Amino acid sequence: MGGHHHSIEGVSARIVPASALGPDNPAPFYLASDSTFRRAVAAGTPILMADLEPAEESEFVRLRRHQDEVFFPGQAG
């Protein structure tokens, strides 16, 4: 990720309803920017959490998982 407008080359952002991190849920933009791909993603399709290998040791991932526990109890993945 880079640039003044925080962009990821070849990726556009979408606003979607909030959900806990889960394999079939869309990846949050900033979490995706700090992850590597597990598999190829076809152009025009959403990047799902199952598509990514999140940087589990990052503070951002730790905070996001805590947020999911608070806002989506029992759904956090």
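Residues numbered from 1 in each chain as written. Predicted model: local features only at pLDDT ≥ 70, side-chain atom pairs only at ≥ 80, totals over all residues. Heavy atoms only, no water.

Novice: I tried to follow the overall build of the protein chain on my own but got confused; where do I start?
Specialist: Of the regular secondary structure elements, the protein chain holds two helices and two strands. N-terminal to C-terminal, the α/β element order of the protein chain is α-β-β-α. Relative to the 2.2 N^0.38 estimate, which gives 11 Å for 77 residues, the radius of gyration of the protein chain is 12 Å and therefore close to what a compact globule would have. In terms of its C-alpha atoms, the protein chain occupies a principal-axis envelope of roughly 35 × 25 × 25 Å. The burial tally for the protein chain puts 27% of its 77 residues in the buried class. Pairs at least 24 apart in sequence give 42% of the contacts found in the protein chain among residues at least 6 apart. Here the protein chain has roughly 5600 Å² of accessible surface; of this, 57% comes from carbon and sulfur atoms. (Helix = DSSP H or I, 4+ residues; strand = E, 2+ residues; numbered from the N terminus. Rg over C-alpha atoms; globule rule 2.2 N^0.38 Å. Buried < 20%, exposed > 50% of the residue type's maximum accessible area, 1.4 Å probe, protein only. Contact = heavy atoms within 4.5 Å. Areas by Shrake-Rupley, 256 points an atom, 1.4 Å probe, with all protein chains shown as cover.)

Novice: What am I meant to see in the pattern of salt bridges here?
Specialist: Enumeration over the complete set of coordinates arrives at five salt bridges. For Glu53, the salt bridge goes to Arg38, with nearest N and O atoms at 2.9 Å. Note that Glu53 is positioned in strand β2 (residues 52–53) and Arg38 in the loop between β1 (36–37) and β2, a separation of 15 residues in sequence. Taking relative accessible area as the criterion, Arg38 reaches 48% and is therefore assigned partly exposed. Residue Arg39 is joined to Asp51 by a salt bridge in which the shortest nitrogen-to-oxygen separation is 2.5 Å. Of this pair, Arg39 sits in the loop between β1 and β2 while Asp51 sits in the loop between β1 and β2; the two residues are twelve residues apart in sequence, bridging distant segments of the chain. Judged by its relative accessible area of 44%, Arg39 falls in the partly exposed class. For Asp51, a relative accessible area of 6% puts it in the buried group. (Salt bridge = Lys/Arg side-chain N within 4 Å of Asp/Glu carboxyl O.)

Novice: Explanation requested: the packing of aromatic side chains in the structure shown.
Specialist: Enumeration according to the criterion identifies one aromatic pair in this entry. Aromatic side chains Phe29 and Tyr30 sit 5.2 Å apart centroid to centroid with 85° between the ring planes, which places their arrangement in the edge-to-face category. You can call Phe29 partly exposed: its relative accessible area is 21%. Judged by its relative accessible area of 42%, Tyr30 is partly exposed. (Phe/Tyr/Trp six-rings, centres within 6.5 Å; stacked < 30°, edge-to-face > 60°.)

Novice: What's the story with the nonpolar core in this structure? I'm lost.
Specialist: Generally speaking, soluble globular proteins have nonpolar side chains that are buried together. Formed by Leu21, Ala27, Leu31, Ala32, Ile47, Met49, Leu52 and Val61, the largest nonpolar core amounts to eight residues. Not counting the four nearest positions on each side in its chain, Leu52 is found in contact with Ala27, Ala32, Ser35, Thr36, Phe37, Arg38 and Ile47. (Core = buried A, V, L, I, M, F, W, Y, C linked by side-chain atoms within 4.5 Å.)

All quantities given are derived from atomic positions and should not be read as evidence of function.
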